[in-house]
Amino acid sequence: MTVEDEVRAVSAAFDAVLVENDAAAIGRFMTADWVYVGPTGAVARAELLGWIESGHLVHHTMRVIGDQRVVRVGDTVVLTARKPSSGTWAGTPYTADEWITEIYVRVDGDWRCAFSQKTDAAD
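Residues numbered from 1 in each chain as written. Predicted model: local features only at pLDDT ≥ 70, side-chain atom pairs only at ≥ 80, totals over all residues. Heavy atoms only, no water.

A. Structural view of the packing of aromatic side chains. Per the stated rule, a full pass over the model turns up two aromatic pairs. Aromatic pair F14 and F29: ring centres 5.5 Å apart, planes at 5 degrees, arrangement stacked. Within this pair, whereas F14 is found in helix α1 (residues 3–20), its partner F29 is found in the loop between α2 (23–27) and β1 (30–38), the two being separated by 15 residues in sequence. This pair shows no difference in class: F14 is buried, exactly as F29 is. When the centroid spacing of 4.9 Å and the interplanar angle of 90 degrees are considered together, the rings of W51 and W89 count as edge-to-face. (Phe/Tyr/Trp six-rings, centres within 6.5 Å; stacked < 30°, edge-to-face > 60°. Helix = DSSP H or I, 4+ residues; strand = E, 2+ residues; numbered from the N terminus. Buried < 20%, exposed > 50% of the residue type's maximum accessible area, 1.4 Å probe, protein only.)

Next comes the structure, spelled out in structure tokens:
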């Protein structure tokens, strides 16, 4: 299996565990200093996991549309994919169609996500 295939598999497992809404399991896919950047700015790992643990953010679905772009630069891999999702935010249902870029690094021999950024998809 290539490094790129390994990261594709880790990203798919990360998506699957997000839909399970288990904050501890989700945290195992992230580096300690993971950050997400979205429309309102940067969100730290602890903040996102707190939203999930409290039920403020609940993921129902997440899937990949089309091909993923995976680029390896040394010991870092950048994955970009279109990922529609659904869930609830503060009890209000949402759907999203987004391009997601994730940066993966090796931590103790395993691939971990260090950075995630989402941009609304426009067709």
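B. A look at the pattern of salt bridges. Applying the stated criterion across every chain, the model contains six salt bridges. Here E6 and R106 are joined by a salt bridge, their closest N and O atoms 3.1 Å apart. Taken together, the residues span a long stretch of sequence, with E6 in helix α1 and R106 in strand β6 (residues 92–107) at a distance of 100 residues. When its relative accessible area of 38% is taken as the criterion, R106 is described as partly exposed. Notably, a salt bridge pairs D15 with K83, separated by 3.0 Å at the nearest N-O pair. Remark: K83 occurs in strand β5 (residues 76–89) and D15 occurs in helix α1; sequence separation between them is 68 residues. As far as the burial class goes, D15 and K83 line up, both buried. (Salt bridge = Lys/Arg side-chain N within 4 Å of Asp/Glu carboxyl O.)

Interpretation in functional terms is not warranted from these geometric data alone.
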